[in-house]
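One-letter residues, chain by chain:
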Amino acid sequence: MNLLYVSPSPHTSSTMTTSRIMACVLVALMPTAIAGCLNFGLRAALVLFVSTASAVVYEGLCRVLMKREQTILDGSAAVTGLLLGLNLPATIPLWQVMIGSFTAIVLVKQLFGGLGQNFANPAIVGRIVMLISFSSAMTTWQAPHSDAVVSATPLVSGNASYWDLFLGNTAGCIGETCAAAILLGGLYLCLRGIVQPVIPAAFLGTAALCSLAAGDDPLYQLLAGGMLLGAVFMATDYVTTPVTTGGKVIFGIGCGLLTFVIRQYGGYPEGVSFAILLMNLVTPLIDRLTVVRPFGAVRQKQEAKDHA
Amino acid sequence: MADAETSCSLRQELCKGLIRENPTLVGLLGMCPTLAVTQEAKNALGMGIATTLVLIGSNVVISLLRRVIPQAVKLPCYIVIIAGFVTMVEFLLHGFVPELYTALGTFLSLITVNCIILGRAELFACKHTVIRSALDGAGMGLGFTLALLLVGSVRELFGAGTLFGISVMEQNAVSVLTLAPGGFFVLGCVIALVNRIAHREPPRTAGCTGCPNAATCAASKGGCSQ
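Considering the environment of Leu 38 of chain A
Residue and element names in this part refer to chain A.
Piece 1. Mapped onto the elements of the fold, Leu 38 is located in helix 1 (residues 18–40).
Piece 2. Overall, the relative accessible area of 63% leaves Leu 38 in the exposed class.
Piece 3. As a C-alpha pair, Leu 38 and Asp 287 span 249 residues in sequence and 41 Å in three-dimensional space.

So, the confidence of the model for chain B
Piece 1. Of the residues in chain B, 85% reach a pLDDT of 70 or more, and the chain-wide mean stands at 83.
Piece 2. Mean pLDDT across the secondary structure elements of chain B bottoms out at helix 1 (residues 2–15) of chain B, with 70, and peaks at helix 4 (residues 74–96) of chain B, with 93.

Regarding the pattern of salt bridges
All names here are of chain B.
Piece 1. Here the structure, examined in full by the defined rule, presents eight salt bridges over all chains.
Piece 2. Lys 16 serves as the salt-bridge partner of Glu 13, at 2.8 Å between the closest nitrogen and oxygen. The burial state of Glu 13 is the same as that of Lys 16; both residues are buried.
Piece 3. Between Glu 122 and Lys 74 there is a salt bridge, with its nearest N and O atoms 3.1 Å apart. In this pair, Glu 122 is assigned in helix 7 (residues 115–125) and Lys 74 in helix 4, connecting sequence segments 48 residues apart.
Piece 4. Beyond isolated ion pairs, a larger network of salt bridges with shared partners links Glu 13, Lys 16, Arg 120, Arg 132 and Asp 136.

Focus: the interface of chain B and chain A
Piece 1. Each side of the interface is counted separately: chain B has eight residues, and chain A has seven residues.
Piece 2. Contact between chain B and chain A buries roughly 660 Å² in total, counting both sides, with carbon and sulfur atoms accounting for 76%.
Piece 3. Contact with chain A buries area across many residues of chain B, yet Val 174, Val 176 and Phe 185 of chain B alone supply 54% of it, more than any other trio.
Piece 4. Counting the contacts that link chain B with chain A gives zero salt bridges.
Piece 5. The interface formed by chain B and chain A includes three residue pairs in polar contact (both at pLDDT 80 or more).
Piece 6. Here the side of chain B that touches chain A is built from residues that sort into five nonpolar, three polar and no charged.

Conventions used here
- Residues numbered from 1 in each chain as written.
- Chains lettered and ligands numbered in written order.
- Predicted model: local features only at pLDDT ≥ 70, side-chain atom pairs only at ≥ 80, totals over all residues.
- Heavy atoms only, no water.
- Helix = DSSP H or I, 4+ residues; strand = E, 2+ residues; numbered from the N terminus.
- Buried < 20%, exposed > 50% of the residue type's maximum accessible area, 1.4 Å probe, protein only.
- pLDDT = per-residue confidence, 0-100.
- Salt bridge = Lys/Arg side-chain N within 4 Å of Asp/Glu carboxyl O.
- Contact = heavy atoms within 4.5 Å.
- Buried area = accessible area lost by both parts, 1.4 Å probe.
- Polar contact = N/O pair within 3.5 Å; in protein donor to acceptor, adjacent residues only side chain to side chain.
- Nonpolar A, V, L, I, M, F, W, Y, C, P; charged D, E, K, R; others polar.

Rendered as structure tokens:
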């Protein structure tokens, strides 16, 4: 006799687990990390290593101390650590890197319940806390391929060629200078289906349009500073961005607009991380605005009014 | 026997405010001064002591007047009494420690609306004797001072690298801690720590000393399982 089995949803399953997604993101970050090390030398590699390793260690310690399931192996801590490292200048003292990754992993991620519960992108908050705390160390940049310390990014000096910006031959944070490597990683993520290009497109498009309207060179504004790195790797985090495509468009536009406003009128030369953090905070609101109507559902507003 | 019990519970009135019923860290009252004046340990200590003085004074006077104040206008009466003590403390600080007076600024006058003080007046002083009210005020005030000092020391030490103005590790300061977000970080961590200490698993068998039901309780000989 054939029995009819009824099981609750979801009915589809996927082999894409958290650790696989994180592994893909790590692979996508590799070109950027390698380009950063090539540009800024061994010291950059050391910063990346310390930020990644300390993030993983904090994650492990936290889970042990909080008596929760061990989550080191899902790779999310390594991604956060590596992203944080890519957002730092190569000359930063290592103890400051450890404080940044402590903020990211312990304060922002684990204290709020671990992966999936963090209200903001941990790497972004780590970077912002460091930027506010160690402002001189965080804005002292090394010139590429030399030990000379320069203090202006192309965003401030405004005199780098497109080609230099594309290949990363400028001063800046380890991971933000080489546009080619970031685009390569972003392309890989899109092809693997890990991220949809909606947020980066909306982010970069809005910023370009705004700079065009303000009379700036839009291509220069996109390539200089951390906008590409932020748009491709930071603004596409699953946890802290809206779920629906419509929400993602709103999120991306908000990021682009805020970045433009901070760069143009704010006290800081770079506004990408602040813009993404602010949009992270309004993500729950965007999600509520863009709730998808279930298939076949009827609008109930009129009915509710009648009952009232 | 009765004397021993009374002195024991009097000590409790004083001690409960320090950790177990700490107004700031357990009751989460008076958050405004806790966050606003704790960039430096010195200011935090000054604020704590000033509040303690006001709290003891207002508790004593309100307890003395508890049968005189009409129920309908008790809150305005409490506020006037508290404001009177705040003004006295303000003049004292202005006269003797002008430096602290300037550092605390408007937050000194705002002690008047600190909800710890009004809370103790409303919850305790208007129902208890003068001595108990004074001890309660002292205990709550010391608890508040302790909390402020703790938050202030951590913020000053790690945020500015100094402690009571003495340089300890200025090279290694994390200056976000002296700003508002750092204040919230530190306060959150201190609250978590103190609650961990204060609300550890209660002892399996508690003695009957201090138990309000001791007189009527059937199991008063050997202690109960609560």
